[in-house]
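Examining the three-dimensional arrangement
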Amino acid sequence: MVTASPSRPSGADSARLPPAGLPGLDPRWSRLVEVPDRTGHRHTWHLLDTHAGTSGVDPGPVGTLLCVHGNPTWSYLWRHLLAAAPPGWRVVAPDQLGMGWSDRLEAPRTFAERVEDLGDLTTALALTGPVVTVGHDWGGAISLGWALAHRDVLRGVVLGNTAVALGADDAGPAVIRLASLPALRDTACVRTPTFVRATTALSRPALPRAVRDAFAAPYRTAARRRAVGSFVADIPFRPDHPSAEAVAEVAEGVRGLDVPALLFWGPRDPVFGERYLADLRQRLPQADLHRYERASHLVTEDAPASAAAVARWVADLDGPVAQSPPAPTVSAPAPASAPAAPAARLWSALAARAHETSPAVVEVGGATVDWATLARRVDDTAAGLVASGLRSGDRVGLLVPPSVDLTVALYAVWRAGGVVVVADKGLGLAGMRRALRSAAVQHVVGSAEGLAAARVMGLPGRPVAATGIPDRVRRALGAEHDLASLEALGRTADRAAEPSVDADCAVVFTSGATGPAKGVVYRQRQVLAQLDLLRRAFGITAEDRFVAAFAPFALLGPALGIGSAVPAIDVTAPQTLTAPLLADAVEAIGATIVFAAPAALRRVAATAEEVPPSRREGLRGVRLLISAGAPVPAALLRQVREVLPDADPHTPYGMTEALPVTDVSLAQVEEAGPGDGICVGWPLPGVDVALSPLTGSGEADGALTDQPGVTGEVAVRAPHVKDRYDALWATERASSRDPGWHRTGDVGHLDDAGRLWVEGRLVHVVTTPAGPVTPVGVEQRVEALGEVHAAAAVGVGPPGTQAVVVVVVPETRAHRRAHRRRRPGSGRPGSGRPGRGHAPGRPPTMEPADLGLVDAVRAVAGVEVAAVLTTPALPVDIRHASKVDRQEVARRAARTLAGSSRHTRSRAGT
């Protein structure tokens, strides 16, 4: 037994082991350790320790993770990390004195004393290093204090939502500041469990009740909550606070930590918000970061996958990624010639045409700018941006619709060395807010609507207005400059220095079809390689002219050195393009190339008869039609030829992270014939494609191969593949685990001719007891039925035991008529094809299919189908209005079957 001391309570306030049965807590991890402090007093600590059976003797692990909780949690916070401990590493998670199940103290502990207490404990545990500290909440600052005092054994630092600096201009976390008021602190933190319970109530969705109770278990009485109140009281909100100097020393000392660092963050945290993350990134510029977009303050609870990410990061510290053997060299048929050298800079093609007065960018029904004017405006605006404060590497959010203004802003930011951040409004306000805040923009260029949205979204950064906004509106939006005034400023300023081709130039966001949109970072060199590949793959020359009805491609004309036109539509809603509007754009620029998303082509095909014969001759000048972003049926491409009779339709395959990867023409699709998936053709010159075979459980962990007929995750290697994911360390680590390759998240196979067939997304693979089932082939076979307009094949049930459920949109006369009835511009998301997409609000219902349809679907599906449901429309992604959201379909199908199986088992075929 531990002998009593004046500072260590006994009885009910002494250390003890946690009660049995707490969710996820292995009782073998718990131990009590008696530790003398520097005054000679002895205190008993409770800690969780993966090496608890060693009686305090270090058995010689690779290293130790020292995990420090904050207030009012305890070591239970780290149970997922103990369970996911890196091979050979020891994980130690103590309850701070006065907290959890450690001794209660009669006197409060200051910040400096808590740092010293932690040092006393590690001395008693004989932790000789290497040590990686892991901290959360106020435990983050304490762990950094320990790290600064033990640099000789420090290997790295890991921080969850926390803060280390509370400067004179920082009032501190509002929630904690309120709780620190003496009038409230005793009531909220000590006499009642309000503060304790409020911490676990921040998560959405709510944590399981048993987990919330486990966090509160050590704090059932006011006596056991004394340290909760004193912890809050010790936060130095004032410069004369007793702990202010010690905290400031740690905050400044962090700048000198040159060890690896990882930040894992819950952006929904109302306590430690974005400004604290920005401060940590500034103090630890070497830090890797992963934002768990749906996580709040208790990031370890809201994102339990963070434990595996931390473990992977720690395991990587000695460089296993760099030391891993290279992936096998696999590729499609060798290119006819080596890739050409990329252009010097992203604006080189624009500069080469700076003497010309032919149209460079045409807004149909709006402004037109010629090459000479565009080049001059870009150079002057770039110089104005630099003169007004933009620095190399600054991130600039662009909230301007496709237009001359947007083109000027984009190329001026690039010319000035900035990084453009592009998140189109198709993501919705919440999605845009999430994306732009994650990118930590420092400037925002916007229209009046864009700057107003930036204010609503709470975006950081200096606002810059587009041209044409009245001065009083511009000032009300906080914008000192607009593009016109920056251009004027730049005329008398020094020219912007040219950034390196290795500098970051863009953060673009994925469509968010399978989760929160991911930021993808490109360097100039990679975008230049993409432009060069597009030129070679499609034979683009200076004589071509371009109509872009898809937002990302609406900006590439000047970089390709070709004139471009933007149709009179909202290009973030591609289904608003009609055949007459396309004809307007083609005529405005004399287009030879058209790029449009599949949803746009469906609308064009459906409205082909609205183009009068007198205008059709002008459409014969289009030699090339490109459509990408989602599967494009051959039948649709044939229908579009009614509008563009001489165009050669191509459907390149790629993704935000790498576009294009493969290419296939309509003639080649027809030659390939039907298959299990969508034929996307051969890899383009300089692009390698490989597959990581699927396991029986639907995972793709196998070595890369180019063996025909093997279904697996598609991996790509090429000079134009993205540099990295932004603020998503774990996602980037997983996608690039084969050195030099990007794992796409798509599944498919190569055929004997070297063509790639895409079978769906890895997250949509149905894991049945008989093995994995990919959805696209099933859907294609079902959609071939005359009575089926659209179909989605999904899995219902626990992974590994899922059943295949097919949800179909029946073909009706209404489907055939509905699209023609819609006025141009009135289409709702997905309305380019009736049955694909639905209006916001209450989703369409699902119900069991009639027995005849069930039998027909089962007869052609090619796999065992457990149930067939019908619905008026399938949910689709926001950006393309074409990709079926199979995860949402699966959720609705599961709810429908759970409610209907008792009464309609025979009808649904369940």
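On a predicted model such as this, the values are computed, not experimentally measured, just so you know. (Residues numbered from 1 in each chain as written. Predicted model: local features only at pLDDT ≥ 70, side-chain atom pairs only at ≥ 80, totals over all residues. Heavy atoms only, no water.)

**Looking at the overall build of the protein chain**
The secondary structure content of the protein chain amounts to 32 helices and 36 strands. Counted over contacts in the protein chain with a minimum sequence separation of 6, partners at least 24 positions apart contribute 71%. (Helix = DSSP H or I, 4+ residues; strand = E, 2+ residues; numbered from the N terminus. Contact = heavy atoms within 4.5 Å.)

**Description of the packing of aromatic side chains**
Taken as a whole and judged by the stated rule, the model has 6 aromatic pairs. Ring geometry for Trp74 and Tyr76: centres 5.3 Å apart, planes at 20 degrees, overall stacked. Note on accessibility: Trp74 and Tyr76 belong to one class, buried. Seen from the ring of Phe231, Arg114 lies directly overhead, with NZ or CZ sitting 4.3 Å from the centre. (Phe/Tyr/Trp six-rings, centres within 6.5 Å; stacked < 30°, edge-to-face > 60°. Buried < 20%, exposed > 50% of the residue type's maximum accessible area, 1.4 Å probe, protein only. Lys NZ or Arg CZ within 6 Å of the ring centre and 35° of its normal.)

**Looking at the nonpolar core**
Note on soluble globular proteins: their nonpolar side chains tend to be buried together. Counting residues in each nonpolar core, the largest one holds 101 residues, and the members touching the most others are Leu65, Trp78 and Phe111. Considering every element that reaches this core, the biggest residue donor is helix H3 (residues 138-149), with 7 residues. With residues up to four places along the chain from it excluded, the contact list for Trp78 reads Cys67, Val68, His69, Ala93, Val134, Gly135, His136, Phe264 and Thr300. Formed by 63 residues, the second largest nonpolar core is a distinct cluster that contains Leu350, Ala559, Phe595 and Leu659. (Core = buried A, V, L, I, M, F, W, Y, C linked by side-chain atoms within 4.5 Å.)

**Considering the packing of helix H5 (residues 182-191) against helix H8 (residues 226-233)**
Working note: a packed helix pair is described by the angle between its axes plus the distance between those axes. Relative orientation of the contacting elements H5 and H8 amounts to 140 degrees, with a least axis distance of 7 Å. Between H5 and H8, the crossing angle belongs to the class labelled oblique. For the pair H5 and H8, the sense of crossing is right-handed. In this structure, H5 uses Arg185, Cys189 and Val190 to contact H8, whose residues at the interface are Arg226, Val228, Gly229, Val232 and Ala233. Residue composition of the contact of H5 with H8, grouped by class: 5 nonpolar, 1 polar and 2 charged. (Axes fitted to C-alpha atoms, helices over the stretch in contact; angles between N-to-C directions. Parallel < 35°, antiparallel > 145°, perpendicular 65-115°, else oblique. Left-handed = near helix turned anticlockwise from the far one by under 90°. Nonpolar A, V, L, I, M, F, W, Y, C, P; charged D, E, K, R; others polar.)

**Considering the pattern of salt bridges**
Under the defined criterion, the tally for this structure stands at 55 salt bridges. A salt bridge links Asp471 to Arg474, with the shortest nitrogen-to-oxygen separation between them at 3.4 Å. Placement of the pair is Asp471 and Arg474 together in helix H19 (residues 471-476), with a separation of 3 residues, close to one helical turn. For Arg474, a relative accessible area of 12% gives the class buried. Each of the salt bridges in this network shares a partner with another, and the network as a whole consists of Arg376, Arg377, Asp380, Asp405, Glu487, Arg491 and Arg495. (Salt bridge = Lys/Arg side-chain N within 4 Å of Asp/Glu carboxyl O.)

**So, the confidence of the model for the protein chain**
Low pLDDT means the predicted coordinates in that region are not meant to be read closely. In this model, the protein chain carries an average pLDDT of 88, and 88% of its residues clear a pLDDT of 70 or more. Here residues 815-835 is modelled with pLDDT under 50, and outside its nearest four sequence neighbours on either side it reaches 55 contacts, counting other chains as well. (pLDDT = per-residue confidence, 0-100.)

**Quick notes on helix H16 (residues 404-416)**
Its 13 residues place the ends of H16 18 Å apart at the C-alpha level, agreeing with the 18 Å of an ideal helix rising 1.5 Å per residue. Among the 13 residues that make up H16, 13 are buried, leaving the element largely enclosed by the rest of the structure. Phi turns positive one or two residues past the end of H16, at Gly417, with a value near 90 degrees. (Expected span 1.5 Å × (residues − 1).)

**A look at the pairing of strand S5 (residues 131-135)**
Taking burial as the measure, the 5 residues of S5 include 5 buried ones, the bulk of the element. In terms of strand pairing, S5 meets strand S6 (residues 154-159) through 5 bridges, oriented parallel. Directly across from Val134, in S6, lies its bridge partner Val158. Viewed along the sheet, the connection from S5 through H3 into S6 turns out right-handed. (Pairing = 2+ DSSP bridges. Right-handed = clockwise from strand over helix to strand, strands pointing away.)

**Looking at empty space enclosed by the protein**
For the structure on display, the rule yields 5 cavities of 30 Å³ or more. Considering only enclosed or pocket space, the largest cavity measures out at about 120 Å³ in volume. When residues of the lining of the largest cavity are traced back to their parent elements, those giving at least two are helix H21 (524-538), strand S20 (593-595) and strand S24 (658-663). (1 Å grid on protein atoms, 1.4 Å probe; cavity = no way out; pocket = protein on both sides within 12 Å on 5 of 7 lines; lining within 4 Å. Points joined across faces, edges and corners; volume = space filled by probe spheres on them.)

**So, the layout of surface pockets**
Estimates place the volume of the second largest pocket at around 820 Å³. In this structure, the second largest pocket is lined by 36 residues; those nearest its centre are Arg281, Leu289, Arg395, Ala440 and Asp726. At the level of secondary structure, the elements contributing two or more residues to the lining of the second largest pocket comprise helix H10 (274-283), strand S8 (288-291), helix H13 (320-323), helix H17 (428-438), strand S28 (724-725) and helix H28 (729-735). Looking at which element gives the most residues to the lining of the second largest pocket, the answer is H10, with 5 residues. Residues of the lining of the second largest pocket, tallied by class, amount to 16 nonpolar, 7 polar and 13 charged.

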